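For reference, the chains in residue letters:
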Amino acid sequence: MSCLLLAPMEGVADYVMRDVLTQAGGYDGCVSEFVRVTGSLLPARTYERETPEIRNGGYTASGTPMTIQLLGSDPEWLARNAAYAATLTPHGIDLNFGCPAKVVNRHGGGAMLLATPEVLHDIVRAVRAAVPANISVTAKMRLGVSDTSRAIDCATALAEGGAESLVVHARTRDHGYRPPAHWDWIARIADAVSIPVTANGEVWTVADWERCRAVSGCSDVMIGRGAVSDPFLAQRIRGQMDQAPSATEWPIVLGYLADYLKKLHARISAKHEHGRVKLWLSYLKRTWPQAAELHDAIRRLQDALEIERVIEQMQLRLGRPGAANG
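Residues numbered from 1 in each chain as written. Predicted model: local features only at pLDDT ≥ 70, side-chain atom pairs only at ≥ 80, totals over all residues. Heavy atoms only, no water.

1. Details of the side chain of Thr64
1) Next: Within the fold, Thr64 resides in the loop between helix H2 (44-50) and strand E3 (66-71).
2) Next: With a relative accessible area of 6%, Thr64 lands in the buried category.
3) Next: Once you skip the residues sitting within four places of it in the chain, Thr64 turns out to touch Thr22, Tyr27, Asp28, Gly29, Cys30, Gly58 and Tyr59. (Helix = DSSP H or I, 4+ residues; strand = E, 2+ residues; numbered from the N terminus. Buried < 20%, exposed > 50% of the residue type's maximum accessible area, 1.4 Å probe, protein only. Contact = heavy atoms within 4.5 Å.)

Shown next, in the form of structure tokens:
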């Protein structure tokens, strides 16, 4: 069986979401949301806030290893911060060269660095030199900024700089998250570099995973929004659950939603909790029609306790309260 990784998804897969999705099972590892590096050495409290897994030996509560992802454009400051982050028991340091967000790209970070392969090389080389040999240094890239003309150059620069492996999101920055993902380009990149390559992009179902592997030629796959839309996708791929989602699974999903909301109480401001739950439901609607019903029921609610009561009422109506723990 190939390796299945849970993708870093800024604004979506925070610590609580990583906790819930890895609890569902099937993932060999996960990557944090990016920790942004500018012109300073970040304090321990930043990592404790963004990657609380470091207090658990670098594992999620269910035992899935976590890699810390850093984002920045200055080789020296990234190296300094990576050296410190490496002391916090992560299972690796990952470098973000794929974020398409304007607020990041405006400052030359994320996917904008794909315009300058030589800078990619310098960053990875500096980070690799600063991090102990027992801590892996990996990278995640897209196919380019506006086109794929430098995709091979970028991948080669990362490999030659010292990245141990590479995740390729099969779209350019300008593609954003619009389908399709160009898995054939991942195959070209994998042929051009000597390090392992993991495929990423548009894997929503078991059939997508199979096609992605066939077209990219990569056995390892990183799953992003597909994992948020279907928390059981990794288990389906591994043959531990039915390949197709069913209504009988919805009570279990409700249990995860309730658990997610409870864990949010301890993590974020109460005024943001309702938005996070609604965001997750907007993804779940892709897999279960029942999620649309719940989303409509809480659409105007902003009090997390009221939302919790609506979820509990739905659980009771289905006769399976607390299903996530069952």
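2. Observations regarding the sheet that holds strand E1 (residues 4-6)
1) Next: On the basis of which strands lie adjacent, the closed barrel formed by eight strands has the order E1-E2-E3-E4-E5-E6-E7-E8 and parallel pairing. If you compare each strand with its neighbour and ignore which way they point, the axes differ by 30 degrees on average.
2) Next: As defined by bridge partners, E1 adjoins strand E8 (residues 221-223) across three bridges and the pair is classed as parallel. By the bridge assignment for E8, Leu6 is matched with Ile223.
3) Next: The strands touched by helix H7 (residues 183-192) are strand E5 (137-141), strand E6 (166-169) and strand E7 (197-200); relative to E7, the strand with the most contacts, the crossing angle is about 170 degrees. (Pairing = 2+ DSSP bridges. Axes fitted to C-alpha atoms, helices over the stretch in contact; angles between N-to-C directions.)

3. Some remarks on the environment of Val37
1) Next: Along the polypeptide, Val37 turns up in the loop between strand E2 (29-36) and H2.
2) Next: Once residues lying within four places of it in the same chain are set aside, the contact partners of Val37 are Leu42, Leu70, Leu71, Gly72, Trp77, Leu78 and Asn81.

4. What about the pairing of E5?
1) Next: A large share of E5 lies buried, amounting to five of its five residues.
2) Next: Here E5 shows a buried face lined by Val137, Ala139 and Met141 and a second buried face lined by Thr138 and Lys140.
3) Next: Relative to E5, strand E4 (residues 93-97) runs parallel, the two being bridged by five bridges. For Asn96, the partnering residue across the bridge sits in E5 and is Lys140.
4) Next: Note that E5 and E6 share three bridges and pair parallel. Across the sheet, the residue bridging to Met141 is Val168, located in E6.
5) Next: Each parallel crossover has a hand, and for E5 linked through helix H6 (residues 151-161) to E6 it is right-handed. (Right-handed = clockwise from strand over helix to strand, strands pointing away.)

5. Some details on the pattern of salt bridges
1) Next: For the coordinates displayed, the defined rule picks out 19 salt bridges.
2) Next: Of the charged contacts in the structure, one is a salt bridge between Arg173 and Asp174, with a shortest N-O distance of 2.7 Å.
3) Next: With a closest N to O distance of 3.7 Å, Arg188 and Asp184 form a salt bridge. With Arg188 and Asp184 both in helix H7, this residue pair falls four residues apart, about one helical turn.
4) Next: Taking relative accessible area as the criterion, Asp184 reaches 35% and is therefore assigned partly exposed.
5) Next: Overlapping salt bridges bring together Asp19, Asp259 and Lys263 as one network. (Salt bridge = Lys/Arg side-chain N within 4 Å of Asp/Glu carboxyl O.)

6. Section: the environment of Ile123
1) Next: Its place among the elements puts Ile123 in helix H5 (residues 117-130).
2) Next: In sequence terms Ile123 and Ser73 are 50 residues apart; their C-alpha atoms lie 7.5 Å from each other.
3) Next: Ignoring anything within four residues of it in the chain, the contact list for Ile123 reads Gly72, Ser73, Pro75, Leu78, Leu95, Phe97 and Leu113.

7. Some words on the side chain of Thr22
1) Next: Inspection of the secondary structure puts Thr22 in helix H1 (residues 15-24).
2) Next: From its side chain, Thr22 meets the backbone oxygen of Asp19 in a polar contact 3.3 Å long.
3) Next: In this structure Thr22 touches Leu6, Cys30, Thr60, Ser62 and Thr64, once residues within four positions along its chain are discounted. (Polar contact = N/O pair within 3.5 Å; in protein donor to acceptor, adjacent residues only side chain to side chain.)

8. Overview of the packing of helix H3 (residues 75-85) against H5
1) Next: The interhelical angle for the contact between H3 and H5, taken along N-to-C directions, is 30 degrees, at an axis separation of 8 Å. What the angle tells us is that H3 and H5 run roughly parallel. The hand of the H3/H5 crossing is right-handed. Taking contact as the criterion, the partners of Pro75, Leu78, Ala79, Ala82 and Ala83 in H3 are, on H5, Asp122, Ile123, Ala126, Val127 and Ala130.
2) Next: Classifying every residue of the contact of H3 with H5 gives nine nonpolar, no polar and one charged. (Parallel < 35°, antiparallel > 145°, perpendicular 65-115°, else oblique. Left-handed = near helix turned anticlockwise from the far one by under 90°. Nonpolar A, V, L, I, M, F, W, Y, C, P; charged D, E, K, R; others polar.)

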